[in-house]
Amino acid sequence: MSNDFMGQSENTISEAGCLYIVATPIGNIEDISTRAVNMLKQVDLIAAEDTRHSQRLCQHYAISTPMISLHDHNEEARIQQLATKLDNGQSIALISDAGTPLISDPGFKLVRELRLKGYKVSPIPGPSAIITALSVAGLPTDSFSFFGFLPAKSGSRKQKYQSLANREETLVFYESSHRIMASLEDALTIFGSRQAVIARELTKNYETILSGDLQQLLETLETDHNQTKGEFVLMISGAARAESVNSVDSESLLKELLVELPPNKASKIVAKITGKNKKELYNLALELKAK
Ligand code: SAM
């Protein structure tokens, strides 16, 4: 029987000398792909952010592969050690405590160095809190930016928010339970009552998705302390988009400009502001002029 799906073999075979970046669940232990489990079973070594934490996942899936730690404090020292193992034909999987490694988690230096040295680095995709949160937020997802964790101090946090105040895309941040209130207060100061969504404890028992303007969200968290517990993704809608400019009445704008400008210039400006068709606006300008 063929195991091919969309041209890719479903058989998991770890390749000698390859580092696999393996995504693990962000809460619900069942949110891991079959391929990820098979890969974790097959590789010679798992480099885990916290080996004790990852034991639970390994026990659940009967993964008995040896593990070593790779965290922020030993990542640089591990690079050469792991490169030597890859040179010896071993295959290695990198995992973090939750979600996709490197996404606000260790692994960036390792991947950069190994790729620079020509080693093969291959992804085994799966959950990440960013995408999980965006998928249920109901905020525009055609364009978004992720900024990881916000600064811990209010002054730097406000500066960060201020630097993003004119961005039109959805803004995505990670936040911890002890700072979520302060972050919302600062966001309200900088963004006013923009629409935002807080995704809390995704895929876990107390999963909650709260939508509203920043003032409403702050009030909800102030009145229900339970809503400040757990892990958070904070999403803030971008600055008003071009659509709001499009809602400007182009005919009125054209009329005003025609008082001062010839039809070709006036229609060119309105087309630029509204994104509407220049020729149509020019014809409308001629009609308005003739009235
Ligand atoms: N590598 C992970 C990923 O791919 O999403 C992120 C790791 S980062 C150290 C942990 C932060 O991610 C948390 O503080 C929280 O902001 C966010 N996060 C992780 N799991 C979450 C969940 N289940 N619900 C909401 N936010 C979560």
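Check the entry above for the structure.
Please read these numbers as outputs of a predicted model, since none were measured by experiment.

Here is what the cut-offs are and how they apply
Residues numbered from 1 in each chain as written. Predicted model: local features only at pLDDT ≥ 70, side-chain atom pairs only at ≥ 80, totals over all residues. Heavy atoms only, no water. Axes fitted to C-alpha atoms, helices over the stretch in contact; angles between N-to-C directions. Helix = DSSP H or I, 4+ residues; strand = E, 2+ residues; numbered from the N terminus. Parallel < 35°, antiparallel > 145°, perpendicular 65-115°, else oblique. Left-handed = near helix turned anticlockwise from the far one by under 90°. Contact = heavy atoms within 4.5 Å. Pairing = 2+ DSSP bridges. Phe/Tyr/Trp six-rings, centres within 6.5 Å; stacked < 30°, edge-to-face > 60°. Buried < 20%, exposed > 50% of the residue type's maximum accessible area, 1.4 Å probe, protein only. Patch = residues over 30% accessible without salt bridge, like charges linked within 9 Å, V, L, I, M, F, W, Y side chains within 5 Å. Areas by Shrake-Rupley, 256 points an atom, 1.4 Å probe, with all protein chains shown as cover. Salt bridge = Lys/Arg side-chain N within 4 Å of Asp/Glu carboxyl O. Lys, Arg positive; Asp, Glu negative; His and termini not counted. Charge placed at Lys NZ, Arg CZ, Asp CG, Glu CD.

**Some remarks on the packing of helix α7 (residues 180-191) against helix α8 (residues 214-223)**
Stage number 1. Close contact between α7 and α8 brings their axes to 9 Å; oriented N to C, the two are set at 155°. One finds that α7 runs roughly antiparallel with respect to α8. When the axes of α7 and α8 are compared, the crossing they make is left-handed. For the pair α7 and α8, the contacting residues are I180, M181, L184, E185, A187, L188 and F191 in the first and L214, Q215, L217, L218, L221 and E222 in the second.

**Some thoughts on the environment of P25**
Stage number 1. Here P25 shows up in the loop between β3 (18-22) and α1 (34-42).
Stage number 2. Sequence separation between P25 and G138 is 113 residues, and the spatial gap between their C-alpha atoms is 23 Å.
Stage number 3. Apart from residues lying up to four places away in sequence, P25 is in contact with D31, I32, L57, D97, A98, G99 and P127.

**Some points on the sheet that holds strand β10 (residues 195-200)**
Stage number 1. Read across the open sheet, the five strands follow the order β8-β9-β12-β10-β11; overall the sheet is mixed. One side of each edge strand has no neighbouring strand; the edge strands of this open sheet are β8 (144-149) and β11 (208-213). Here the strands of the sheet are splayed against their neighbours by 15° on average, with no regard to which way each runs.
Stage number 2. Where strand β9 (residues 170-175) lies against strand β12 (residues 232-236), five bridges are found, and the strand directions are antiparallel. Paired with F173 across the two strands is L234, which belongs to β12.

**Some details on the packing of aromatic side chains**
Stage number 1. Scanning the model with the defined rule gives five aromatic pairs in all.
Stage number 2. Seen from their ring centres, F149 and Y174 are 5.8 Å apart, and the 65° between their planes marks the pair as edge-to-face. On the criterion of sequence distance, the pair formed by F149 in strand β8 and Y174 in strand β9 is long-range, its members being 25 residues apart.
Stage number 3. In this structure F149 comes out as partly exposed when scored by relative accessible area, which is 48%.
Stage number 4. Residue Y174 is classed as buried on the basis of its relative accessible area, which comes to 9%.
Stage number 5. An aromatic cluster is present here, built from F147, Y161, F173 and F191 joined pairwise through their rings.

**Description of the environment of R200**
Stage number 1. By the element assignment, R200 lies in strand β10.
Stage number 2. A relative accessible area of 7% means that R200 is categorised as buried.
Stage number 3. Along the primary structure R200 and S145 are separated by 55 residues, whereas in three dimensions their C-alpha atoms are 19 Å apart.
Stage number 4. Those residues in contact with R200, other than ones at most four positions away along the chain, are Y206, E207, T208, N226, Q227, K229, E231 and F232.

**A look at a positive patch on the surface**
Stage number 1. Taken together, the side chains of K265, K268, K272 and K278 present a region of like positive charge at the surface.
Stage number 2. Per-element tally for the positive patch: the top contributor is helix α11 (residues 263-274), with three residues.
Stage number 3. Mapped onto the elements of the fold, K265 is located in helix α11.

**Let's talk about the pairing of strand β4 (residues 45-48)**
Stage number 1. Burial of β4 is two-sided: the residues L45 and A47 facing one way and the residues I46 and A48 facing the other way are all buried.
Stage number 2. In this sheet, strand β6 (residues 92-95) lies alongside β4 in parallel orientation, the contact comprising four bridges. Residue pairing in the sheet places I46 in a bridge with A93 of β6.
Stage number 3. Across three bridges, the pairing between β4 and strand β5 (residues 67-69) is parallel.

**Things to note about the side chain of S183**
Stage number 1. Relative to the assigned elements, S183 resides in helix α7.
Stage number 2. Taking relative accessible area as the criterion, S183 reaches 0% and is therefore assigned buried.
Stage number 3. Residues contacting S183, with those up to four places away along its chain left out, are L150, R157, Y161 and E175.

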